Amino acid sequence: MILIEETLAMFKTSGFFFVTPGMIVMWAIGFTLIYLAIARDYEPLLLLPIGFGIVLANLPLADLMKPNEGLLWRFYHYGIQWEIIPPLIFLGLGALTDFGPMLARPVLIFLGAGAQAGVYITFFVAYAIGFDLKEAATIGIIGGADGPTTIFLATKLAPHMLGSCAVAAYSYMALVPIIQPPIMKLLTTKEERVIRMKKLRKVSRLEKVLFPMVSALVIILLVPAAAPLMAMFMIGNLFREAKVVERLNHAAQNELLNIVTIFLGLPIGATMNAETFLQPKVIFIFFLGLFAFMISTATGVLLAKLMNLFAKEKINPLLGAAGVSAVPMAARVVHKVGAEADKKNYLLMYAMGPNVAGVIGTVIAAGVFLTILR
Amino acid sequence: VFEALGIFVAGISGVFLGMALLYISIKIVSGVTSRLNSSEGEK
């Protein structure tokens, strides 16, 4: 009898006794993300740790997100709230980025700006349907298709929406090949899709070395709030282009980026507990995130068409869709849609220009939000 | 609504201004570097 009572008492102190229906729903969401990452290869580097983080954060009594005590809370607090991890991700991205195509045809950087219109249109729509200004800005930035920037902005403006916005951003980035092509085809004619671009000029090493320094100066002077991301992005790129710090370049591209990716995904997933996530607002966040993504694609394409009205050398308007910063997925999609219209039209290198410009554009957009709203 | 509209306008202008400055910087840098390269070639 005593044995049974003690077994029952032990059971009552175990997590099983405190599982709620909300937690089970969150497990299902976490396992779905893990499934999408493993079985469908949807942004596995992020969705896998995020999915597991969701499951871990919704285990009763484990207290992994308990302030000042929980392991995942420490990752979250010191890594994300302290603004360490998103800038480190940008360091790695900078080391991975080749600005050559953008420097070869600089006019294409405006397409990276055009796609940011979707960010601000969604911001306005989100505000109009009842989100406050900071929440609306955090939702809008999903349209930039840049995960680390979304996380950076959400942490500062709407930390309660961090998990949902990050998952929305990474999910839609994985869905770029599905979301973008219908919009691109809808907004362009066959004649426009077959436009061939002029051959890119050769960019000198000196230009590539000077660019990260000049652009860091210009952008940080214009939007100081964007400094953490911009500074790390450009120092990473300088490591790459200087060709004299190969060890640092290699570490930034590989070991460092891999390590911080682990410490980014887990705590973001862990911010998604049943109480904060299972709310009607979250559904709106996902819908508005998709809307932002679609509008960004459309505004990029439309800007390219507008530029063609004045340009001597026509631009293939599909390139505008690469202005969302999902690198290099959006550029690949542009190439694929272009090749469907003309098999011999190789748009990939040209699309990389607006694609990397889109990263800078999204950082500026986030910097403007921070400057005004923080 | 006016505040949101203000942010909307400031945001889009800010992004385009940033890109315009970047465009001008790239043009200046490429102009200077091509001159440097051509003068080195002459030597």
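As the structure is a prediction and not an experimental result, all values here were calculated from the model.

Q: What is the right way to read the overall build of chain B from this model?
A: Within chain B, the secondary structure is distributed over one helix and zero strands. Taken over the C-alpha atoms alone, chain B extends approximately 65 × 5 × 5 Å along its principal axes. Looking at the 43 residues of chain B, the share that counts as buried comes to 30%. When the accessible surface of chain B is totalled, it reaches about 2700 Å², and 67% of it is carbon and sulfur.

Q: Just checking my understanding: could you explain the overall build of chain A for this structure?
A: The secondary structure content of chain A amounts to 20 helices and zero strands. The C-alpha atoms of chain A give a radius of gyration of 22 Å, which matches the 21 Å a tight globule of 374 residues would have. Residues counted as buried form 56% of the 374 residues belonging to chain A. Only carbon and sulfur atoms are counted for the fraction: they give 70% of the accessible area of chain A, which is about 16000 Å². In chain A, the 29 positive side-chain charges and the 21 negative ones have mean positions that sit 12 Å from each other.

Q: Even after reading the chapter, I still don't get the domain arrangement of chain A, so can you show me in this structure?
A: All names here are of chain A. Here chain A is described as being made up of domain 1 (1-61) and domain 2 (74-373). Relative placement of domain 1 and domain 2: their C-alpha centres are 33 Å apart. Of the residues lining the interface, 19 residues belong to domain 1; the matching set on domain 2 comes to 19 residues. For the domain 1 and domain 2 pair, buried surface summed over both sides reaches about 1500 Å², with 81% attributable to carbon and sulfur atoms. Three residues stand out in domain 1 for area buried against domain 2, namely Glu 43, Leu 46 and Ile 50, and they jointly supply 33% of the buried area on that side. Where domain 1 packs against domain 2, one counts zero salt bridges.

Q: Even after reading the chapter, I still don't get the interface of chain B and chain A, so can you show me in this structure?
A: A common way to express how large an interface is: the accessible area buried when the components associate. With 27 residues of chain B at the contact, the number on the chain A side is 38 residues. Each partner contributes to the roughly 2700 Å² buried at the junction of chain B and chain A, and carbon and sulfur atoms together form 89% of this total. At the junction of chain B with chain A, the criterion picks out zero salt bridges. Viewed at the interface, chain A and chain B are joined by zero residue pairs in polar contact (both at pLDDT 80 or more). When the residues that make up the side of chain B that touches chain A are grouped by side-chain class, the tally is 18 nonpolar, seven polar and two charged.

Q: Honestly, the environment of Met 184 of chain A in this entry has me stumped. Any pointers?
A: Residues and elements named next belong to chain A. Take Met 184: it is sitting in helix H12 (residues 176-187). Sequence spacing of Met 184 and Arg 201 is 17 residues, and the spatial spacing of their C-alpha atoms is 27 Å. With sequence-adjacent residues up to four places away left out, Met 184 is seen in contact with Thr 297, Val 301, Leu 318, Ala 321, Val 333, Val 334 and Val 337.

Q: Even after reading the chapter, I still don't get the packing of helix H19 (residues 329-341) of chain A against helix H20 (residues 348-373) of chain A, so can you show me in this structure?
A: The description of two helices packed together rests on the angle between their axes and the distance between the axes. Residue and element names in this part refer to chain A. In contact at an axis separation of 8 Å, H19 and H20 are set at 140° when each is read in the N-to-C sense. Compared by their axis directions, H19 and H20 come out oblique. Note on packing geometry: the crossing formed by H19 with H20 is right-handed. Counted together, Ala 330, Ala 331, Arg 332, Val 334 and His 335 of H19 and Leu 348, Ala 351, Met 352 and Asn 355 of H20 form the full contact between these two elements. Looking at side-chain class alone, the contact of H19 with H20 contains six nonpolar, two polar and one charged residues.

Q: Just to check I follow, could you spell out the confidence of the model for chain B for this structure?
A: The predicted structure's coordinates, where accompanied by low pLDDT, should not be read in detail. In this model, chain B carries a mean pLDDT of 89, and residues with pLDDT of at least 70 account for 93%. Scored as a whole, the predicted complex attains pTM 0.91, and scored at its interfaces, ipTM 0.91.

Q: How do you make sense of the nonpolar core when you look at a structure like this?
A: Most often, soluble globular proteins have nonpolar side chains that are buried together. Counting 117 residues, the largest nonpolar core has Leu 319, Ile 360 and Phe 369 of chain A as its most contacted members. Among the elements that take part in this core, H20 of chain A stands out by supplying 15 residues, more than any other. Leave out the neighbours within four places in its chain, and Phe 369 of chain A touches Val 119, Tyr 120, Phe 123, Ala 137, Ile 141, Leu 153, Leu 157 and Arg 374 of chain A together with Ile 7 of chain B.

Q: How do you make sense of a nonpolar patch on the surface when you look at a structure like this?
A: Together, Leu 206 of chain A together with Leu 17, Leu 21, Ile 24, Ile 28, Val 32 and Leu 36 of chain B make up a nonpolar patch on the protein surface, roughly 570 Å² of accessible area in all. Here Val 32 of chain B shows up in helix H1 (residues 2-42).

Q: Would you take a moment to explain the side chain of Asn 355 of chain A for this structure?
A: Residues and elements named next belong to chain A. By the secondary structure assignment, Asn 355 is in helix H20. Here Asn 355 falls in the buried class, since its relative accessible area comes to 0%. Dropping the residues within four chain positions of it, Asn 355 is found in contact with Ala 322, Val 324, Ser 325, Ala 326, Val 327, Pro 328, Ala 330 and Ala 331.

Q: What am I meant to see in the packing of aromatic side chains here?
A: Aromatic ring pairs: the centre-centre distance and the angle between the two ring planes describe each pair. All names here are of chain A. With the rule as written, the count across this model stands at 13 aromatic pairs over all chains. Between Tyr 120 and Phe 369, the ring centres sit 4.8 Å apart and the planes meet at 35°, which makes this aromatic pair tilted. Highlighted residues: Tyr 120 in helix H8 (residues 117-128) and Phe 369 in helix H20, separated in sequence by 249 residues. The exposure class assigned to Phe 369 is buried, which follows from its relative accessible area of 0%.

Q: How do you make sense of the confidence of the model for chain A when you look at a structure like this?
A: Chain-level statistics for chain A give a pLDDT mean of 93 and a share of 100% at 70 or above. Ranking the elements of chain A by mean pLDDT puts helix H1 (residues 2-13) of chain A last with 80 and helix H15 (residues 227-242) of chain A first with 97.

Q: I keep staring at the packing of helix H11 (residues 162-174) of chain A against helix H18 (residues 280-310) of chain A and nothing clicks. Help me out?
A: Residues and elements named next belong to chain A. Look at H11 against H18: their axes get within 10 Å of each other, and the N-to-C directions meet at 40°. Considered as vectors, H11 and H18 are oriented oblique to each other. Considering only the axes of H11 and H18, their crossing is right-handed. Between H11 and H18, the contacting residues are Ser 164, Cys 165, Val 167, Ala 168, Tyr 172 and Met 173 on the first element and Val 282, Ile 285, Phe 286, Phe 287, Gly 289, Leu 290 and Phe 293 on the second. Here the residues of the contact of H11 with H18 are counted per class, giving eleven nonpolar, two polar and no charged.

The rules behind these values
Residues numbered from 1 in each chain as written. Chains lettered and ligands numbered in written order. Predicted model: local features only at pLDDT ≥ 70, side-chain atom pairs only at ≥ 80, totals over all residues. Heavy atoms only, no water. Helix = DSSP H or I, 4+ residues; strand = E, 2+ residues; numbered from the N terminus. Buried < 20%, exposed > 50% of the residue type's maximum accessible area, 1.4 Å probe, protein only. Areas by Shrake-Rupley, 256 points an atom, 1.4 Å probe, with all protein chains shown as cover. Rg over C-alpha atoms; globule rule 2.2 N^0.38 Å. Lys, Arg positive; Asp, Glu negative; His and termini not counted. Charge placed at Lys NZ, Arg CZ, Asp CG, Glu CD. Domains from an automatic or database assignment. Contact = heavy atoms within 4.5 Å. Buried area = accessible area lost by both parts, 1.4 Å probe. Salt bridge = Lys/Arg side-chain N within 4 Å of Asp/Glu carboxyl O. Polar contact = N/O pair within 3.5 Å; in protein donor to acceptor, adjacent residues only side chain to side chain. Nonpolar A, V, L, I, M, F, W, Y, C, P; charged D, E, K, R; others polar. Axes fitted to C-alpha atoms, helices over the stretch in contact; angles between N-to-C directions. Parallel < 35°, antiparallel > 145°, perpendicular 65-115°, else oblique. Left-handed = near helix turned anticlockwise from the far one by under 90°. pLDDT = per-residue confidence, 0-100. Core = buried A, V, L, I, M, F, W, Y, C linked by side-chain atoms within 4.5 Å. Patch = residues over 30% accessible without salt bridge, like charges linked within 9 Å, V, L, I, M, F, W, Y side chains within 5 Å. Phe/Tyr/Trp six-rings, centres within 6.5 Å; stacked < 30°, edge-to-face > 60°.

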